[in-house]
Structures are given as C-alpha cells and as structure tokens.
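Structure at a glance
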Amino acid sequence: MVTNILRANEHTQEFTTTGSVKSYDSNQLSSNNPIEDTRTEAQCLLTKGLLLGVFDGHGGASCAQVIAKRLFHYITACLLPPDILHKYLNALENNETMELLDVYNDKVELVDELKILYEASFKTFVKELSQIKDNQRDFQMKEAMEKAFLRLDYDLSKEALYKNDGKVNMKTLSVAMSGAVACVAHIDGPHLHIASIGDCQSVLGVLTDDNTWTAKKLTTEHNTDNQEEIERIFKEHPNNERDTVIKMERLLGQLAPLRAFGDFRYKWNKSTLSSTVLPHYGESVIPPNYYTPPYLTARPEVKHHRLTPRDKFLVIASDGLWDLVSPLQVVRLVGEHMSGKVTLSPFRLPRKDMRISDINNMLLQRKEGLKMKPIDRNAATHLMRNALGGTEYGIDHVKLSQLLSMPQELVRVFRDDITITVTYFDSEYLRHCPP
Amino acid sequence: MGNETVLPKQTQVVICGAGTVANSVAYHLVQNGWNDIVVLEQKKIGSGTSHFGSGTLGLFKPIADRNLIMYSIKLYRRLQELGYDIGFKQCGSVNLAQTKDRLIALKRQMAYHQATGLHCEVVGNKELKNFHPYLKTEDLEGAIWVPEDAVAKPQAICKALAKLAKEGGACYVENCQVLQVLTENSRVKGVETNMGTVFCEYFVNCAGMWARDLGLKCSPRVRVPAIPAEHFYVTTSCFEPKLDSMLPCVRDYDSHTYVREWEGGFMVGGFELEAKPAFGGSGIPEDWKNKLPQDWNHFMPLWEKAIHRLPILKDVHNPVLTNSPDNFTPDGRWILGETPEVTNYFVSVGMNGNSLQGAGGIGKAMAEWIIEGVPTTELIPFSIQRFLDLHNNRQYLLQRTREVVGRHYSIMYPHQCEYKYARKLRCSPLYSVLEKRGAVFGTRMAYERAVYFDSTYKGKFYGDPLPRMPPGSFYKPKFFDFMREEYLACREGVGIIDMSSFSKIEIKSSGSQVVDYLQRVCSNDVNIPVGGIVHTGMQNELGGYENDCMIVRQNDNSFFMVSPTNQQTRTFEWMQRNLPPDHSVALTDMTSMYTVINVVGPKSRDLMSELSNSDVNLLPFTYKKVNVGYASDVMVMSFTHTGEPGYCLYVPSEYALHVYDRLMTVGRDYGARDVGCLTQRFMRIEKFIAFWAEELTSLTTPFEAGAGHRVKLDKEYFIGKFALQRQKEQGVTQRLVFFVLEDIDPDIHIWPWGGEPLYRNGEFVGTVTSAGYGFTLDKLICVGYIRHPGMTMGGSNDRPVVTNEFIMARNARYEIDIAGQRFLAKPHIHAPHIPHVNMDSTSRRYRPTVVSLKTV
C-alpha cells in the first residue's frame, strides 16, 4: 500500500543517444488535492539540449499547470538562431508541423479554448522575436532564459486582462491569480544552466577524489532567508515601505516566495486590480500597503555550470523535499541508491578471459552492494521514502504509513507536495567531450 | 717532396692515415694551395683496409651522400683521363626489387634523383635481361637502371691520390705511429709519434678502423664511434669466355647481396642481416691481416641467394672468399667534421664497407671545411656532432654493428624501422611506466621515446610480452588509429607527452655577462623579464641556423635553454665555442636532471590548476614554479611543442613518477591520454612549426624559414646579423612553404614522408623536408623550401629572389612526386587557419547548437 502510493507517479526515462545525460528518474507525491506541483521534461528538437523543470504552485494549481505546459516552448524559441527561428515561424504560419519539443511523460491536456489562446500568444512572441535583428550575435543564455520567463509571465497577464465583449475570462484570470515558482535546468553536453524563481532548489551530486559525496547547490532560494533578495526588494521600493514590504517573513505579509509566475495581485497596479479582479475575488484581493507595484517578478536567476566527470547527478525538487532533508542528505541518499542500482542489474562479465580472482572480487563487491539494496529502483521514490520515513536505523514503516494516510485536512500541516527529478550524467561522456 | 724518413718539426696540417680518404683530403688541400701538410702512416700507403673493397661507386643513395659520390666519380674519371690505370668503368647498375614495398622504396629514391638530375629509370624484366643476361628475373617486381654508376680499382686510386698529393707538396711519413695528439686549451697543438713530435695547427683523423683508438689518444678524448665488422665478398676465377667488362653491377637488396664483373669473372659481396664485429670484438691485433678467417658458414646463405639470382654461379669452381673488415658507424652514415671536444681536430672515417665511393667527395668537403672554417656543403647527416659519449662505448658499438651492416640493404620504412640492438640505453624516468601503458618506443640520440601508444595493450606483469610495432609501411601506418585517438586527446581533452629527451642547458654568470653573451649568439632579443620565455635561433655568420631553442630567464643572470634532442652535443659545442674567453659565463648540461612533460589541450589548464592548487593562468611564454601533487618546484611553462594550448612541465627527475601519476589519475576526468612523438610531429607540421635538422639547418635562415619575426635586427651585433640584414633588404632565394595535398587519399595512396621532389609548373623547385597527416585538415600535408627552377640547394648570392607573389602566383601549379606518381599540392605561405581551442573553461560561453533540421 505504502509502496503503491509512493510509486503512483514514478517515471524513468533513459537516453540511448550520446550526450551528458544518461537517464532521469522523476516522481511526485501530493499533499494538496489537487496537487499544486507540476513537472515537465523535454528534449529540444531544433537545438541540442534537454530541459527539466519543477514547478510549485500556490493559491491553486492552475498557474503551475499552465507554466509546465508553456514555459519550455518560450525557452526553446529564445534559443533558436535567427535562421532557424525564421524557418520555424514560416512553418507556424503555413500550418506545417515543426515541433520544438519532444515532451516526456506528459499527461495533462489543456482545454481547447486555452490551447488556441496560448498558441496565438506564442505565435505573436515568435514573430516579435524574429524581428529582432542579429539577436544571435551576442547570444547570452542568461538573457534568453530571462526573456522566456518574463515574456510568459507577461502573456499570462495579457491573457487575463483581455476582455471579450467586456467580459473577463475566468479561466485565464484564475491562472493569473494563482502563482508558481519554478526551477528549470537546460543541459547540453557539459553545459548546465539553471534558471530559477522562488524556493525550488537544485543540487548537484559530486563524487570527490576520495570517493565521498558532496552537494553543490546551484540555486539560491528567493525567500526571506535570502538577504540579497530582501535588499533587492528594498531597493525597488521607497524607504517608507521598508516595514511593510517584507513582513512576517513574507512579501507584504502574505507571500512566502519573493519571485513567482502569476500572482498578479502583487504585480498589477491598484486600478487594474480594482476594476478587473475585485468584482470576482472580493476586497481582500488587494494586499495591504499596496503602494508601488509591482512587488513581485518572474525574472529568473540564471546560473551556468560546466559539468565535470565528477558531477554524477542533479536533483531538482520542490520545497516539499527540502523541508524534510538537507541537500547533503539528498546527495548521499541518491549516491547510495546509485551504487545499489549498479548491482541490481543482472551480473555479467565485462570482458572475456577474466581471472577467477577478478570475478571473485566483483562478486564480493556485488554482495556488499546487495546488502544496501534499495527497495525502489526510482531514485526520486527512494528519496521520498527516506525523507518521509528515514530514521537512524533505516526506514520506519509506521512513521511512513502514518504520513501517507493522514486525512486531507491534516496532511498539509505535516508535509507539502513533493516533486523530484533526479538526472544522471554520463561520466565517460564528460571525460571525453570536447571543451 | 715525397716519402720522408724524417718527421718535420712543424707543419700546418697533420693527417693521420694514408688510405684513400686520407689521400683524398691531402690531395684536395694541396689543390687548394695548402701544401704544408704531413701525412703519417703507421705502415705503408694504402696498407690498411683501402686495398680491399668492391670498387663499386653507387649513386642511388640519399641526396647528401649522392652529391659527394657524384664528385668522387667525376674525380676518378679525371684521374683515368690523366692516364692513371685505375680501372674506371661507368658500367651502370641495376637495382632489383623482389617485393612491391622494395619497388616503392626504390621509386621513392628515384623520384628525387630524377628531379635533381641523376639519370635513372624503371626497367621491366625483359629489358633487364638485355642489361644483364645472366640474371634470373622471373621473381622480380621490377628494377631501377642507373647508367652513371661506375666501378674502379680501390688500390690504384689510393696510390694515385697519394702520388698527386705528394706532387702538390704533401709530405708522407710511413712507419710512423701516432702516440698522442697534443692539445692546448682544447685546441690542436701537435702530434707526438714514435719518430718524435710535430707541431701543427690542424689534425685530421683518417685512420680508418684505427680511428676510434686514435681518438682516445688525446686529451680531452675525442669520440669516434666506429668499429670494424667482418665484411665478405667472393671472387670467381675468369669465366670462359671472359665476361663482358661493361656488365652492370647488380644490387639485389632483398637478398642482401651485390654482384659486379671482376677480371672476367664475378665478385659477389653481401650486407648480411646479422653481421659479426671483426676480430671477435676485441681490439685490432698487430698482425690483423692474418686474423681474417674465411667464414664460409657465415657467407653461405648469401652465396646461395647469389646463385639463385645468377644461376651461372652454380658451376663456379673454387670461389675465393675474402674477409675485408671495414668500419661501421652506429647509424651507418659517415663520420665527418670537426670534433666538439677539440678545436681543429677533424675526423673523416666510418666508410661502412666502401671507402672508395665516398673518398673523392669527402676529401674535397673536408679540405674546404678546414680552409673555410665552415662546411661548404650540406654535411649535417654526417656530422660527428651527432654523437654522445654513449655512442663511443665499445659494448654499444659491438651490439649496434651487428645490425648496421644489414640495414644498408634493408627497406627503411619511415619512422617504422627502429634498431633492434643496443636499446634501452637512455631512458626517461617514466620509461617503465609508459611501457606498461602500451608505449612503442623508437630512439633519437639513443634516447627511447614513445612513438605511439597502443591503447589496447593489456600486459600487466613484468615479463608479459610488450606491444610491438606492426610491420612497416609506406602507406598509412598500421597503428594510425592510435595516433588519431592521441590527436583527439590533444584537441579535446588533455594529451600527455614525455619530452624528456630534449636537451637542456643552464647558462649563467655572476654579473650581467650572460646577457651580453646570449644577445650575441641569439638572433632574437633574449633580454626579457625574469620569468619570461623566448623562442630564438642561434645563427652562424651566414645567417644559417646552428640551433633553434627556447630560452627561459630564471633570474637576472641565469638562463635555461631547451633545444631539440639531437642537438645536445652540437649546441653545447657551438655555445661553448662562442663563450667569452674570460670564463665569466658557465654552461651546464642539465638534460638528465629534468623530466619534461607536455600537458597539451583545452582541458590542460583545468587539470593543472586542480593539481597545483594555484593559478596557472599564465601569459604565453612565461613560466612559474608551482607544486604539482606533493612535488615542489615544478617549472610550468606556458608553451607546448605541438602549437596547441597547454603547458610544458620541467619536473626534477625524482618527482617524475609522482607527477605523472597525478596527471594520469586526476587527468582521467579531463580525458587525459598518453601521446607519442609521431602524433606530436604531425601536429607541429600542421601548425607549420619548422624543426631543427629538417627545416632549420646551417644553410637555411630565419627569413627563409618564415621565422623572420624572431630576428631582431634592431639590437646590437649578434652572430649572423649582417647576413640577415642583407637578406632582409635583398629578399630570400628560398622560402619554406606549406602544402596541402588535396588529391591524396590517405587510405589508398602512398604517403609523403619527406624527401619528395616538388614541382612548379613541371619544373623542379624544391624538396619536402617534413610530411605527415594533418589531423585537423584531414589531409596529408608537407612543407619544403621553394626556389626558382634550376637553382639547387645552398650557396651563391646571385640567385633570383623568391617572393610571395612567385610562390602564390595564380598560374603556379605545384605537384609532389611520390614514388613516381605526381599529385597536386596547394601552397600556403602561412599555416591554414585551425581554430584554436580555448583553454579557459570558465570564460567559454554557451551557444546552442542546431540540430540538423527535419522539416516535413
């Protein structure tokens, strides 16, 4: 039962083509109903690269769902060199199929109405992109990512405010009223870029010379623990708002993440809020001390990391995981799981003409590994099981089943939604890949 | 003048020995007006090995040899015309190929001979019969006819030259034994003999197989690494009827035999695969002529092969076997020139079984060298300065001589014909480790260097069979795939190259004298900041190269110099000769103190900074002392010998294994791989980096080699400045050019390897100096000097100037002749652009790569 709950959303994708990514494991565990976390993984088709994203929604699931569906298209479009972009635009205009992405494990379908609307917005964006002259000449990954995030956020706003026959579209408005934080990784060969807003985190599992695991954090959370973020917000607003803009460790005393998609009640100006939103959501929709919007941004922080053969895996997860375990614990758990995974595969001799003594050594090694054999093949599930049920003496099954079977109204207090993606790197590829 | 019984008290030149070579030197000295000469002979004129020998004069040799032999033939013809009965006949020769590879080898030689005016042609088996009716030809792949080859009587020429020398004023003293060559400040002063002492300015050691021992009778000792090997030939009695006296000589290389007509019968000689050092390997006995056994057992395999080739020999009765010892050298080439140990001490020995063919040309070259003070023709291949003490070691010579004799008739596959004996002499501290990692070694200056690494080698334990080089080839080497892997490591990861064999010399003084000294011998400005490195040539007065090296300034008055492996003796001698007389500057050979490791490739900086835990982001051409692993004071220099980004590590040898181990262990994550010197060679050719003894010789200048930017004419006097100044004003008469061979398919065609002639619009304009495979261009490439047609190598000033316009002229069509087939060669003044791989990973920006489009 426990195992069935844990494994319900498992997914594993292996890659056979040469590249830095060997495979990834992902999984989700809900606490909210419906779950407010979403995730997407996709292969770019026109340029090289793999995109992996974890999105953690709040105030409803709709924003996170829409972001998961749309963000990668915006990113991919920003990565296209001008000539390819033009070709793509031509294909769009002539209704030819030219796919930007191959999305894995995609189970969500948007309603047709939104689909058409979103396609139109995206087409406009592509058109505008293609009118920028020579944008490839000084291509910067940072700018490309920022442009994609901000433009999508802008489109969310535009779509919500668009009135058909003077009527507000409640669907797009609810997307704009909910919010989502995001962490997206783009991996092409040895280049890893992480773009993130809010409090999702990504951690690199690094195996050092002396065979110990270390964790390298690739994101800084945008919340009130982050002094730089607070300074940024202070700087963006007049001094007299200092006491109100961050209050009780929240933005305007309400919102925990300091950057997010959607959440336009912290972005639109007061009159827009009053005229468009207030009639449907009531007075409380305008936050207290709302003087100098916008207070919130979807501008991501972008980091570049060159993968080395010592970088073994990347964990991206929503704060539901990080509330329970530290980055180093996460890295150790996955590292341990990796060595367990090795010995789970059927035993095969790596080459002919082996000495009996060498085979014996391999078998002894396997025996050691089998002792630690994890219950789950999927590292994300392994992380969940250990995060929820881990004790000093191993998994505490009772604790785990309690946490998983709590009644809906209580569960949110003890655990948040958890979404995890573990991406494994091919060390041999990274050893020999061109610089 | 003539034979004297009394030794003069004083003379200008003493020549020791009165064999053909000695007499030729004496003759040419007197011809040039130097007649104050004493020739000392321990017995009688020509009583040594000069009265032996086949008497054949073969021109089908490397170009430097051929030029001297060509002159010998001219000289002997003149002697004949003067009325000397020397039996000179230009009967020609046929050179046989039993295998396809042999025919390629011969055709490759033929290509450069034809270009440079030696008549020779391929003949079919039928024609061959016309030239030589006794030959069995059915099993031959082909043959080359060389009509200008000749024969003569060695003894008669020996005597004739002595007579002419005497007539010119040379004084011959027989029965005179040299006891000691006297020196003062390492300069010849006189000769002490059993007949008293004669003071002299010059001493010439032409003592044949006694030359090595004579070299030791001097302080300091002079190295003459050559010892006699038994050398056999058979003569038959006169045939009935007499054989045609104009029957050409036959060289049947694959049977290791040669045959000539000899007084109506045949003479059959051999260069056997496994030879025997003469006199059982001990010294030369007093009565050596009685210690020459007729070893029919030894010669029989060759005799049987000769019978196979000339079936008529089957019926010969009582053939006479002669054992005629002669001096062989460690590399089978003559030993000529002024010794590095003693000024004005000249040597010309090491005739490798045939003193007659070289004697004429060698005599002229040596006489001119003595008179002019510098060689007047290209003699680098024969230079006595190519040796080290180890070459003169008797054990070494005994081993090496066993195979040197036979190599004269072996196929010399390029870079793939390593010696079997006398190996593992000079080894890098990394030798054993590299061996275990699959290194296949070759030697340079007896130094074992990894040619390439067999990455599939699995041996682990001592005694496991070592990786072996596959059989040689003129086509793509059979181990080429390994080289490609090595190249990729240098281009995309890290290549680790052991370069320990490079010569290293420390130069210092207490005051600033060392700077003045180096400024005088170097053509570049070496007064650089401490911590800097400069690439410079050392020029002779004519502007030609005496050395091409890197100079590192360690502190104000101490420099460190690095030059190519085969330069160790030569450089040291050149630098020593030009030292200030007040002993203020000291030179120390440090070659063995450092292990040199090149760390090459785009990931080398990341690897080195991890290993050294310090900033190795060095400016180009600077160095820094850092710790690598636990090893301290490793000099890390920011240049490589391949032209790729990377470092050159000078590691105190006791740390070598540690540093190498760290490089390889930590380097695994950076794609580190061992790289051999052949890959490195190809890479530097592709970068158009000229190399010592190939592109850079004493007869080529920086302006000609495209290294004019390294000449600083605005600094004060340096050796060669005036010549270079003139050349800069007037232009060069030859220019090094880079060629891409677009039409050659590396998988199908014979490769160029060096020595191939280059044609411009059908006219011969130059010779390939280096060739190889350009990994980045994915084409075969070569470099060579281009001159105006009709201008041969070397010399005079009134030659037409070679301009870039001439080289790159639109109507100029270049071709290379590879073993008789011509291919288009595309010229470049500068190396074709190869995108540089940046070493700095952090500044490397990401750009999306486009996937090949799948449009519907």
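Residues numbered from 1 in each chain as written. Chains lettered and ligands numbered in written order. Predicted model: local features only at pLDDT ≥ 70, side-chain atom pairs only at ≥ 80, totals over all residues. Heavy atoms only, no water.

As for the sheet that holds strand β10 (residues 201-207) of chain A
Paired through backbone hydrogen bonds, the strands of a sheet run either parallel or antiparallel to each other. Residues and elements named next belong to chain A. With respect to topology, 6 strands assemble into an open sheet ordered β1-β2-β19-β16-β10-β11, the strand pairing being antiparallel. Two strands bound the open sheet, and with one partner strand each, they are β1 (11-14) and β11 (213-217). If you compare each strand with its neighbour and ignore which way they point, the axes differ by 15° on average. When strand β16 (residues 311-317) meets strand β19 (residues 418-425), the two strands line up antiparallel, connected through 5 bridges. Pairing of Ala317 across the sheet is with Ile420, part of β19. (Pairing = 2+ DSSP bridges. Helix = DSSP H or I, 4+ residues; strand = E, 2+ residues; numbered from the N terminus. Axes fitted to C-alpha atoms, helices over the stretch in contact; angles between N-to-C directions.)

Things to note about the environment of B:Ala672
Residue and element names in this part refer to chain B. Residue placement: Ala672 occurs in strand β35 (residues 672-674). Judged by relative accessible area, which is 17%, Ala672 ranks as buried. The sequence separation of Ala672 and Val494 amounts to 178 residues, and the corresponding C-alpha distance is 4.4 Å. When residues no more than four places from it in sequence are discounted, the contact partners of Ala672 are Val494, Ile496, Leu663, Met664 and Gly667. (Buried < 20%, exposed > 50% of the residue type's maximum accessible area, 1.4 Å probe, protein only. Contact = heavy atoms within 4.5 Å.)

Structural notes on a nonpolar patch on the surface
Together, A:Phe347, A:Leu349 and A:Leu363 make up a nonpolar patch on the protein surface, roughly 250 Å² of accessible area in all. Topologically, A:Phe347 is positioned in the loop between α11 (327-344) and α12 (356-371). (Patch = residues over 30% accessible without salt bridge, like charges linked within 9 Å, V, L, I, M, F, W, Y side chains within 5 Å. Areas by Shrake-Rupley, 256 points an atom, 1.4 Å probe, with all protein chains shown as cover. Salt bridge = Lys/Arg side-chain N within 4 Å of Asp/Glu carboxyl O.)

Description of the state of the cysteines
Using the criterion set out here, one finds 0 disulfides over all chains in the structure. Residue A:Cys63 stays outside any disulfide, its sulfur separated by 12 Å from that of A:Cys200, the closest cysteine. (Disulfide = S-S within 2.5 Å.)

Here we look at the UniProt feature "domain: FAD dependent oxidoreductase central" (unreviewed entry) in chain B
Using the residue numbers shown here, the UniProt feature "domain: FAD dependent oxidoreductase central" (unreviewed entry) corresponds to residues 372-428 of chain B. Note that residues 372-428 of chain B is 26% helix and 0% strand, and that its end C-alpha atoms are spaced 40 Å apart. (UniProt positions renumbered as here; feature names shortened; annotations may be inferred.)

Thoughts on the pairing of strand β2 (residues 13-16) of chain B
Residues and elements named next belong to chain B. Where burial is concerned, the two faces of β2 agree: the one with Val13 and Ile15 and the one with Val14 and Cys16 are both buried. Relative to strand β13 (residues 202-205), β2 runs parallel, the two being bridged by 4 bridges. The residue of β13 that forms the bridge with Val14 is Phe203. In the sheet, β2 pairs with strand β3 (residues 37-40) via 4 bridges, with the strands oriented parallel. Directly across from Val13, in β3, lies its bridge partner Ile37. For the handedness criterion, the β-α-β arrangement of β2, helix α1 (residues 20-31) and β3 is classed as right-handed. (Right-handed = clockwise from strand over helix to strand, strands pointing away.)

So, helix α7 (residues 227-236) of chain A
Residue and element names in this part refer to chain A. Those residues of α7 lying buried are Glu229, Ile230, Arg232, Ile233 and Phe234. Its buried side turned inward, α7 meets α8 (242-245), β12 (246-247) and β13 (250-251). At the N-terminal end of α7, a side-chain oxygen is found 3.1 Å from the backbone nitrogen of Glu228, two or three residues along, and the residue is Asn226. (Polar contact = N/O pair within 3.5 Å; in protein donor to acceptor, adjacent residues only side chain to side chain.)

Focus on the pattern of salt bridges
Counting across every chain of the model gives 64 salt bridges over all chains. Through salt bridges that share partners, A:Arg310, A:Glu428, A:Arg431, B:Glu610, B:Arg668 and B:Asp669 make up one connected network.

A short note on the interface of chain B and chain A
Counting residues at the interface gives 25 residues for chain B, matched by 33 residues for chain A. Across the chain B/chain A interface, buried area totals approximately 2,600 Å², and carbon plus sulfur atoms make up 53% of it. Between the two partners, chain B and chain A, sit 4 salt bridges. The partner of A:Glu428 in a salt bridge is B:Arg668, and the shortest N-O contact between them spans 3.9 Å. One can count 12 residue pairs in polar contact (both at pLDDT 80 or more) joining chain B with chain A. Going through the elements one at a time, α11 (480-492) and α15 (656-667) of chain B are the ones with two or more residues in the side of chain B that touches chain A. Within the side of chain B that touches chain A, the residues separate by chemical class into 11 nonpolar, 4 polar and 10 charged. (Buried area = accessible area lost by both parts, 1.4 Å probe. Nonpolar A, V, L, I, M, F, W, Y, C, P; charged D, E, K, R; others polar.)

Let's talk about the nonpolar core
Among the nonpolar cores identified, the biggest contains 99 residues, and A:Leu71, A:Ile75, A:Leu251 and A:Phe261 are the most heavily contacted of them. If one sorts the elements of this core by residue count, helix α2 (residues 62-79) of chain A sits on top with 12 residues. Not counting residues within four places of it along the chain, the set of residues in contact with A:Ile75 comprises A:Leu51, A:Met145, A:Ala148, A:Phe149 and A:Val184. The next biggest cluster of nonpolar side chains, apart from the first, holds 83 residues, and it includes B:Ile157, B:Ala229, B:Phe328 and B:Met366. (Core = buried A, V, L, I, M, F, W, Y, C linked by side-chain atoms within 4.5 Å.)

As for the packing of helix α13 (residues 379-389) of chain A against helix α14 (residues 397-404) of chain A
Packed helix pairs are specified by the crossing angle of their axes together with the interaxial distance, meaning the distance between the axes. All names here are of chain A. Contact pair α13 / α14: the axes reach a minimum separation of 8 Å and the direction vectors enclose 100°. Between α13 and α14, the interaxial angle falls into the category roughly perpendicular. Between α13, through Arg385, Leu388 and Gly389, and α14, the contact on the second element is made entirely by Lys399, Leu400, Leu403 and Leu404. In terms of residue class, the contact of α13 with α14 is built from 4 nonpolar, 1 polar and 2 charged. (Parallel < 35°, antiparallel > 145°, perpendicular 65-115°, else oblique.)

Considerations on the packing of α11(B) against helix α16 (residues 677-686) of chain B
Residue and element names in this part refer to chain B. Relative to each other, α11 and α16 sit at 60°, their axes nearing to 9 Å. In this view, α11 runs oblique relative to α16, as classed from their interaxial angle. Classified by chirality, the crossing of α16 by α11 is right-handed. Side by side, α11 and α16 meet where Met483, Glu486, Tyr487 and Cys490 of the first sit next to Leu678, Thr679, Phe682 and Met683 of the second. By residue class, the composition of the contact of α11 with α16 is 6 nonpolar, 1 polar and 1 charged. (Left-handed = near helix turned anticlockwise from the far one by under 90°.)

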